[in-house]
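Fold and contact review
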Amino acid sequence: MKIVVSLGGSLLYPLNEEYIQKVANFIKNCNEELYIVTGGGKIAREYISMARKSGVSERYLDRIGIAVTRINAMLLASYFKKRVPCSIEAASKMAPPVIMGGTTPGHSTDAVAAKLASVVKADLLVIATDVDGIYDRDPKKHSNVSMFEKIGIDELQKIAGRGWKKAGANVVIDAIACRVIKRARIKTIVLNGRNLKQLENAIYGRQFKGTEIIV
Ligand code: UTP
């Protein structure tokens, strides 16, 4: 099976050596063909918000974000002595495991993961983030929230909004990713990447805690 995992930057930074080692072991021991796309997280947003003050373009700010996602990819790829591809085309030609960050301005690494899943015809796309799934409201801002066990792609698109907002936008899944998931009808699951057992459960078709996106 081919599995693409979007690994949120918030899981990798602040650097947690024990967690990163566990992810590397997970990749090594997984029998499936794995493609990992690392995000930028808080550190990317910090760099972007400081650079934004100097009045550079959003594309420039996106490029800063991309650089951070690639640093995270390089760190994880160092366990495998593998190079980090800079485009989906290059990634799709490499033998798994493949570890990469962002590609071009105008979307998040969730969209990169969705496009990669579409190109390599992945059996599953997992969006591994720092909350347990998709909620009706931002669980970091509200207390009375409920998590969807399943959500239709059309309903998710209403939550995600339209188009790319701005560099460092902190959204559940960006609208570009939703569009690709819908068009290519990619089986997609959102779960908490801190719990690698849940990731394993999702990959092997066992019961897991998270949200399944119905396409
Ligand atoms: P992320 O994918 O980390 O965005 O990319 P995020 O929404 O903050 O996701 P989490 O928190 O890691 O889950 C960081 C920023 O880098 C730029 C965007 O500005 C994005 O917000 N970026 C990233 C791109 O423009 N293109 C890419 O392919 C990837």
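Note that the structure is a prediction, hence the values are computed from the model and not measured.

Looking now at the site of the ligand. As a matter of local geometry, the ligand sits amid 23 residues, with Gly 40, Arg 45, Asp 62, Thr 104 and Thr 109 nearest to it. At 2.5 Å, a backbone N or O of Gly 40 approaches an oxygen atom of the ligand. Within the contact set of the ligand, a nitrogen atom lies 3.0 Å away from a backbone nitrogen or oxygen of His 107. Relative to its unbound accessible surface of 580 Å², the ligand loses 95% to contact with the protein. The greatest single-element share of the shell around the ligand, amounting to 4 residues, is contributed by helix α4 (residues 58-77). Residue classes in the shell around the ligand are distributed as 6 nonpolar, 15 polar and 2 charged.

A word on the layout of surface pockets. The computed volume of the second largest pocket comes to approximately 160 Å³. Lining the second largest pocket, in full, are Tyr 13, Leu 15, Ile 43, Tyr 47, Ile 64, Ala 67, Val 68, Ile 71, Asn 72 and Leu 75. Among the elements of the structure, α3 (41-52) and α4 are those that each provide at least two residues to the lining of the second largest pocket.

Further remarks concern the nonpolar core. Counting 62 residues, the largest nonpolar core has Val 4, Leu 7, Leu 34, Leu 76, Leu 116, Leu 125 and Ile 173 as the members making the most contacts within it. The next biggest cluster of nonpolar side chains, apart from the first, holds 5 residues, and it includes Ala 51, Leu 61, Ile 64 and Ala 167.

The next thing to look at is the packing of aromatic side chains. Applying the stated criterion to the full structure yields 0 aromatic pairs. Cation over ring: Lys 28 sits above Phe 80, and NZ or CZ is 5.6 Å from the ring centre.

Criteria and cut-off values
- Residues numbered from 1 in each chain as written.
- Predicted model: local features only at pLDDT ≥ 70, side-chain atom pairs only at ≥ 80, totals over all residues.
- Heavy atoms only, no water.
- Near = heavy atom within 4 Å.
- Polar contact = N/O pair within 3.5 Å; in protein donor to acceptor, adjacent residues only side chain to side chain.
- Areas by Shrake-Rupley, 256 points an atom, 1.4 Å probe, with all protein chains shown as cover.
- Helix = DSSP H or I, 4+ residues; strand = E, 2+ residues; numbered from the N terminus.
- Nonpolar A, V, L, I, M, F, W, Y, C, P; charged D, E, K, R; others polar.
- 1 Å grid on protein atoms, 1.4 Å probe; cavity = no way out; pocket = protein on both sides within 12 Å on 5 of 7 lines; lining within 4 Å.
- Points joined across faces, edges and corners; volume = space filled by probe spheres on them.
- Core = buried A, V, L, I, M, F, W, Y, C linked by side-chain atoms within 4.5 Å.
- Buried < 20%, exposed > 50% of the residue type's maximum accessible area, 1.4 Å probe, protein only.
- Phe/Tyr/Trp six-rings, centres within 6.5 Å; stacked < 30°, edge-to-face > 60°.
- Lys NZ or Arg CZ within 6 Å of the ring centre and 35° of its normal.

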